[in-house]
Amino acid sequence: MDEQVAIAVVGASGRMGRMLIRAVEESPQARLAGVTERPGHEWIGRDLGEALGGRANGVIVRDDPLDVFAEAQAALDFTTPAATMVHAEIAAQARLVHVIGTTGLEREHHERLAAAARHAVIVQSGNMSVGVNLLTGLVQQVAATLGPEFDVEVLEMHHRMKVDAPSGTALMLGEAAARGRGANLVDLAERGRDGITGPRQDGAIGFASLRGGDVVGEHEVIFAGPGERIVLRHVATDRMLFARGAVRAALWGQDREPGLYSMTDVLGFEAAGR
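Each chain has its residues counted from 1, following the order in which its sequence is written. In keeping with the model being predicted, local features are shown solely for residues with a pLDDT of at least 70 and side-chain atom pairs are shown and tallied solely at 80 or more, while totals for entire chains, interfaces and linings include all residues. Side-chain measures here rest on the full set of heavy atoms in the structure, leaving out hydrogens and waters.

Sorry, what's going on with the overall build of the protein here?
Helix and strand labels come from DSSP, where a helix needs a run of H or I of at least four residues and a strand needs a run of E of at least two; each type is numbered from the N terminus. Check the secondary structure of the protein and you find eleven helices and twelve strands. Restricting the calculation to C-alpha atoms gives the radius of gyration, and the globule rule supplies 2.2 Å times the number of residues raised to the power 0.38. Relative to the globule expectation of 19 Å for 274 residues, the C-alpha radius of gyration of the protein, 20 Å, shows essentially globular dimensions. Dimensions of the protein, computed from C-alpha atoms along their principal axes, come out at roughly 60 × 40 × 30 Å. Taken across its 274 residues, the protein has 51% of its residues classed as buried. By the convention used here, residues are in contact when the closest approach between their heavy atoms is within 4.5 Å. A fraction of 68% describes how many contacts in the protein between residues 6 or more apart in sequence connect residues 24 or more apart. Summed over its atoms, the accessible surface of the protein is roughly 13400 Å², and 48% of this surface lies on carbon and sulfur atoms. By the counting rule applied here, Lys and Arg register as positive and Asp and Glu as negative, while His and the ends of each chain are not counted. Lysine's charge is taken at NZ, arginine's at CZ, aspartate's at CG and glutamate's at CD. Positive and negative side-chain charges of the protein, numbering 27 and 36 respectively, have mean locations separated by a distance of 3 Å. Only protein chains enter the accessibility calculation, which uses a 1.4 Å probe; a residue is then buried when its area is under 20% of its type maximum, exposed when over 50%, and partly exposed in between. All accessibility values rest on the Shrake-Rupley procedure with a 1.4 Å probe; residue burial counts only the protein chains present in the view.

What follows is the structure in structure tokens.
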């Protein structure tokens with residue numbers, strides 16, 4: 001790629017927003033085209049570098065994503081489901097690559113993203129790391145290989161400030177297990193157990209969510225059968241791996257045909273991950 005790709009970051013002041021800005025600035029193939037924050041935020045109108053506690057860098061924080069997207073070739077979005085839907089409509093109008101790491105998306109949100117993807121490249125994933133996407137492919141393969149006598153449980157732990165459960169990554173892993181068994185996760189998921197629940201349902205895919213401290217992200221998929229267990233595990237220790245993956249997706253999406261893609265497409269794991 002001869003020229004740097006102009007990338008916008010939405011939600012600049014958030015934990016992931018700051019990481020995304022850093023990842024763009026560290027990439028020799030990208031440049032920061034602009035950033036946004038919600039209307040009324042104290043950063044609006046300020047120089048981004050100064051808002052981050054450093055030197056001025058000439059990037060002014062704005063509250064209108066339309067203005068910022070008009071100057072960008074890609075946008076990185078780790079915000080909220082409601083905000084992401086607004087960004088998806090604007091990204092479709094601007095025909096830029098929309099990279100979405102927002103978690104907590106429901107079926108309605110995915111349907112709206114599919115509609116927006118008719119006009120723009122969207123890369124959406126519950127997790128942008130290479131390791132997790134490789135794990136997803138392994139989970140599908142193991143689920144397809146083992147018989148129904150193996151129960152599937154997905155365990156995840158994140159920092160105390162995470163607001164949604166199960167995590168997007170946990171659901172992605174559960175979907176992989178369901179695909180491996182030729183089923184839909186919505187028909188098999190058990191997302192919480194409390195009290196007298198009775199025996200475990202045959203074929204169920206269970207989820208357990210732990211929250212505490214500053215845990216970046218830990219995920220286990222347990223296949224528990226008669227006399228043995230198989231445990232597949234991924235531990236993230238640095239949030240920057242998600243930010244670097246998002247930048248990689250933004251670069252990959254340039255000159256692609258409009259459509260809804262995932263990190264398995266970006267990383268070339270499509271055969272393993274689906």
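Alright, that's what it looks like, and here's the rest.
Mind showing me how you'd approach the sheet that holds strand β11 (residues 228-236) here?
Either a parallel or an antiparallel arrangement is found when strands of a sheet pair, and the pairing is made through backbone hydrogen bonds. For two strands to be treated as a pair, DSSP must find no fewer than two bridges joining them. Strand order in this open sheet of five strands is β8-β9-β7-β10-β11, and the pairing throughout is mixed. Taken across any chain shown, the strands that pair with only one partner, and hence form the sheet edges, are β8 (189-190) and β11. Summarising the sheet, strand β7 (residues 151-158) and strand β9 (residues 205-211) pair through seven bridges and their orientation is parallel. By the bridge assignment, V152 is partnered in β9 with I205. Set on the sheet, helix α6 (residues 130-145) makes contact with β10 (217-225) and β11; between it and β11 the angle comes to about 165 degrees. Lines fitted to C-alpha atoms define the axes, with helix axes restricted to the stretch in contact, and inter-axis angles between N-to-C directions lie between 0 and 180 degrees.

Help me understand the packing of helix α4 (residues 81-94) against helix α5 (residues 107-116), please; the structure alone is not making it clear to me.
Helix-helix packing is described using two parameters, namely the angle between the two axes and the distance between the axes. The interhelical angle for the contact between α4 and α5, taken along N-to-C directions, is 10 degrees, at an axis separation of 9 Å. Compared by their axis directions, α4 and α5 come out roughly parallel. For the pair α4 and α5, contact is made by P81, M85, A88, E89 and A92 and by H109, R112, L113 and A116, respectively. For this scheme, ten residues count as nonpolar: Ala, Val, Leu, Ile, Met, Phe, Trp, Tyr, Cys and Pro. Four count as charged, namely Asp, Glu, Lys and Arg, and the remainder, Gly too, count as polar. Taken together, the residues that form the contact of α4 with α5 break down as six nonpolar, one polar and two charged. Our angle categories are set so that under 35 degrees counts as roughly parallel, over 145 as roughly antiparallel, 65 to 115 as roughly perpendicular, and the remainder as oblique.

Any chance you could explain the pairing of β10 here in plain terms?
Moving residue by residue along a regular strand, the side chains alternate between the two faces of the sheet. Burial of β10 is extensive: seven of the nine residues sit out of reach of the surface. With nine bridges joining them, β10 and β11 adopt antiparallel strand pairing. Within β11, the position partnered with E220 by the bridge is R233. Where β10 hands over to β11, the hairpin turn is made up of two residues, of which G227 adopts a positive phi near 80 degrees.

Is there a simple way to explain the packing of α6 against helix α7 (residues 168-180) in this structure?
Where α6 meets α7, the axes come as close as 7 Å, and the angle between the chain directions of the two elements is 30 degrees. Between α6 and α7, the angle falls in the class roughly parallel. Once α6 is placed against α7, the crossing between them reads as right-handed. In contact with V132, N133, L135, T136, V139, Q140, A143 and A144 of α6, α7 contributes T169, M172, L173, A176, A177, R179 and G180. Two helices cross in a left-handed way if the nearer one is turned anticlockwise from the farther one by less than a right angle. They cross in a right-handed way if the turn is clockwise.

How do you make sense of helix α9 (residues 240-252) when you look at a structure like this?
Because an α-helix completes one turn every 3.6 residues, residues spaced three or four positions apart along the sequence face the same direction. A rise of 1.5 Å per residue sets the reference length of α9, with its 13 residues, at 18 Å; its end C-alpha atoms lie 18 Å apart and thus fit the reference within 8%. Counting buried residues in α9 gives ten out of 13 residues, a clear majority hidden from the surface. Within the sequence span of α9, burial applies to M240, F242, A243, G245, A246, V247, A249, A250, L251 and W252. Multiply 1.5 Å by the residue count of a helix minus one, and that product is the helix's expected span.

I tried to follow the environment of M16 on my own but got confused; where do I start?
Its location among the elements puts M16 in helix α1 (residues 15-26). When the C-alpha positions of M16 and F78 are compared, they lie 6.7 Å apart, and in sequence the two are 62 residues distant. Setting aside chain neighbours within four positions, we find M16 in contact with F78, R239, F242 and A243.

Whenever I open this one, the pairing of strand β6 (residues 121-124) confuses me. Can you help?
Going residue by residue along β6, you find V121 and V123 tucked away on one face and I122 and Q124 tucked away on the opposite face as well. Bridge count between strand β5 (residues 97-100) and β6: three bridges; the pairing is parallel. Looking at β6, one finds that V99 is bridged to V123. For the crossover that starts at β5, traverses α5 and ends in the parallel β6, the hand is right-handed. Both β6 and strand β12 (residues 259-261) contribute to a ladder of three bridges, which runs parallel. By the bridge assignment for β12, V121 is matched with G259. Crossover handedness is defined here as right-handed if the route from the first strand over the helix to the second strand goes clockwise, with the strands pointing away from the viewer.

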